[in-house]
Amino acid sequence: MEISELDPKLKDTQKKLIKYQEKTQMFKDYVKGLYIDVYTQDEFNSRVDAIFNETFKGDGR
């Protein structure tokens, strides 16, 4: 494979990385806003799972 063939793939990969970095920051911000003392451990885990699934929905996990 030549460098010219890799360049578009590299650009696509960089775009995906930026998208995931933004989604990861959004997820961290949502979770940081949860107060663990308001929930039982199971409720908190369930809430974090729901936020994760909503944030990364459709990303082929």
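Heads up: the structure comes first, above all this text.
Residues numbered from 1 in each chain as written. Predicted model: local features only at pLDDT ≥ 70, side-chain atom pairs only at ≥ 80, totals over all residues. Heavy atoms only, no water.

**Points about the packing of aromatic side chains**
Scanning the model with the defined rule gives 4 aromatic pairs in all. Residues F52 and F56 carry aromatic rings whose centres are separated by 4.8 Å and whose planes lie at 40° to one another, so their mutual orientation is tilted. Three or more aromatic residues joined by ring pairs make a cluster, and in this case those are Y20, F27, F52 and F56. For the cation-ring pair, K19 lies above Y20, with the distance from its terminal atom to the ring centre recorded as 5.5 Å. (Phe/Tyr/Trp six-rings, centres within 6.5 Å; stacked < 30°, edge-to-face > 60°. Lys NZ or Arg CZ within 6 Å of the ring centre and 35° of its normal.)

**Considering the pattern of salt bridges**
Under the defined criterion, the tally for this structure stands at 3 salt bridges. Where K32 meets D29, a salt bridge forms, and the shortest distance between an N and an O atom there is 3.9 Å. Residue K32 and its partner D29 are located together in helix α1 (residues 3–32), separated by 3 residues, close to a single helical turn. In this structure K32 comes out as exposed when scored by relative accessible area, which is 63%. Salt-bridge contacts for E54 lead to K57; the nearest nitrogen and oxygen are separated by 3.2 Å. K57 carries the same exposure label as E54, and that label is exposed. (Salt bridge = Lys/Arg side-chain N within 4 Å of Asp/Glu carboxyl O. Helix = DSSP H or I, 4+ residues; strand = E, 2+ residues; numbered from the N terminus. Buried < 20%, exposed > 50% of the residue type's maximum accessible area, 1.4 Å probe, protein only.)

**What to know about the side chain of T55**
In this structure, T55 sits in helix α2 (residues 41–55). In this structure T55 comes out as buried when scored by relative accessible area, which is 8%.

**Regarding the environment of E43**
Relative to the assigned elements, E43 resides in helix α2. With a relative accessible area of 42%, E43 lands in the partly exposed category. Sequence separation between E43 and K32 is 11 residues, and the spatial gap between their C-alpha atoms is 15 Å. In terms of polar contacts, E43 uses its side chain to reach the backbone amide nitrogen of T40, at 2.8 Å. (Polar contact = N/O pair within 3.5 Å; in protein donor to acceptor, adjacent residues only side chain to side chain.)

**Some words on the environment of I36**
With respect to the element layout, I36 can be found in the loop between α1 and α2. Overall, the relative accessible area of 48% leaves I36 in the partly exposed class. Separated by 10 residues in the primary sequence, I36 and S46 have C-alpha atoms spaced 12 Å apart.

Purely geometric numbers; function is a separate question.
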